Amino acid sequence: MSRVNNVDVGQLRRTIADTVTSPALARRTQRIQGEWLLTEDGPLFRSKVSVAGGEVALESDMPTNLGGSGSRVGTMYYVYYGLAANYAFFFAAQAALLGIQLQRLGVTIEIPMDFTQVYGLGKSPIIQEVRFTLSVKSPAPMEQLREAERLALERCPAIYALTTPVKVSSHLEVGDS
């Protein structure tokens, strides 16, 4: 099957079918390892991420209001970009699986923030809300587009991470590593 909405629907359907017969295929641990950089005039953090085609280097800084130099994308922008891109992908993929052809798909994410807690000045929630707007052009009826939206909200790992409490742990290793 060809690509629909720039999603390889045939590969996606094969993966789903393989997972039905071998449920362990659905489980994996994602891992990112990076380094905080102690040199001035550059990024604060660097990591390499493995992808099917090799490795991709990621670098980040922090905005000046948080003590960074603003020389690279701030870390939270990677989070917001990941949320927007992941949600857009899952909408496009669910639409493709439903046979919906998209002519355009845009996503806007808005996140009102209160930095009081970040600065140690109070306990106001840092993130008040996360708002997504999907801008879609498609000949499909609104009912089908709403179904693709419902499935994307239900199946998107980024949305899951936002809406479901997840155990967070930290292990401190001191010494030469």
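Just so you know, these numbers come straight off a predicted model, no measurement behind them. (Residues numbered from 1 in each chain as written. Predicted model: local features only at pLDDT ≥ 70, side-chain atom pairs only at ≥ 80, totals over all residues. Heavy atoms only, no water.)

## So, the overall build of the protein
Logical step 1: Looking only at helices and strands, the protein features four helices and seven strands.
Logical step 2: Going from the N terminus to the C terminus, the protein shows its helices and strands as β-β-α-β-β-β-α-β-β-α-α.
Logical step 3: Dimensions along the principal axes, computed over C-alpha positions, put the protein at roughly 50 × 35 × 30 Å.
Logical step 4: Contacts in the protein between residues at least 24 apart in sequence constitute 49% of all its contacts with a sequence separation of at least 6.
Logical step 5: When the accessible area of the protein is evaluated, it comes to approximately 13,000 Å², of which 54% is carbon and sulfur surface.
Logical step 6: Positive and negative side-chain charges in the protein, numbering 17 and 17 respectively, have mean positions lying 8 Å apart. (Helix = DSSP H or I, 4+ residues; strand = E, 2+ residues; numbered from the N terminus. Contact = heavy atoms within 4.5 Å. Areas by Shrake-Rupley, 256 points an atom, 1.4 Å probe, with all protein chains shown as cover. Lys, Arg positive; Asp, Glu negative; His and termini not counted. Charge placed at Lys NZ, Arg CZ, Asp CG, Glu CD.)

## Some thoughts on the side chain of Ser 60
Logical step 1: When you line up the elements, Ser 60 lands in strand 5 (residues 54-60).
Logical step 2: Of the residues examined, Ser 60 reaches a relative accessible area of 5% and is grouped as buried.
Logical step 3: The contact partners of Ser 60, leaving out residues within four places of it in the chain, are Pro 43, Leu 44, Phe 45, Arg 72, Val 73, Thr 75 and Tyr 78. (Buried < 20%, exposed > 50% of the residue type's maximum accessible area, 1.4 Å probe, protein only.)

## Thoughts on the pattern of salt bridges
Logical step 1: The final tally for this structure, using the stated rule, is eight salt bridges.
Logical step 2: A salt bridge links Arg 72 to Glu 59, with the shortest nitrogen-to-oxygen separation between them at 2.9 Å. Residue Arg 72 is located in the loop between strand 5 and helix 2 (75-97), and its partner Glu 59 is located in strand 5; the two are separated by 13 residues in the primary sequence.
Logical step 3: Taking the relative accessible area as the measure of exposure, Arg 72 reaches 34% and is therefore partly exposed. (Salt bridge = Lys/Arg side-chain N within 4 Å of Asp/Glu carboxyl O.)

## Structural notes on the packing of helix 1 (residues 9-21) against helix 2
Logical step 1: Between helix 1 and helix 2, the least distance of the axes is 10 Å, while the angle of their chain directions is 85 degrees. As summarised for this structure, helix 1 and helix 2 are arranged roughly perpendicular, according to the angle between their axes. Along the contact surface, helix 1 presents Val 9, Leu 12, Arg 13 and Ile 16, while helix 2 presents Ala 93, Ala 96 and Leu 97. (Axes fitted to C-alpha atoms, helices over the stretch in contact; angles between N-to-C directions. Parallel < 35°, antiparallel > 145°, perpendicular 65-115°, else oblique.)

## Looking at the environment of Phe 91
Logical step 1: Of note, Phe 91 is situated in helix 2.
Logical step 2: For Phe 91, a relative accessible area of 2% corresponds to the buried category.
Logical step 3: Residues Phe 91 and Leu 105, 14 residues apart in the sequence, show an inter-C-alpha distance of 8.9 Å.
Logical step 4: Phe 91 has contacts with Leu 102, Leu 105, Leu 134, Val 136, Leu 145, Ala 148, Glu 149 and Ala 152, leaving out every residue within four places of it along the chain.

## Re unusual backbone geometry
With the exception of glycine, the majority of residues adopt a negative phi angle, and the majority of peptide bonds are in the trans configuration.
Logical step 1: In this model, Asn 5 sits at a positive phi of 60 degrees, which is unusual for a non-glycine residue.
Logical step 2: In this structure Asn 5 comes out as buried when scored by relative accessible area, which is 15%.
Logical step 3: Backbone geometry places Asn 6, a non-glycine residue, at a positive phi of 65 degrees.
Logical step 4: Mapped onto the elements, Asn 6 comes out in the loop between strand 1 (3-4) and strand 2 (7-8).

## Some remarks on the environment of Val 136
Logical step 1: The topology assignment puts Val 136 in strand 7 (residues 131-137).
Logical step 2: For the pair Val 136 and Cys 156, spaced 20 residues apart in the sequence, the C-alpha separation amounts to 18 Å.
Logical step 3: Sequence-distant contacts of Val 136, defined by excluding residues within four places in its chain, comprise Phe 91, Leu 102, Arg 104, Leu 105 and Leu 145.

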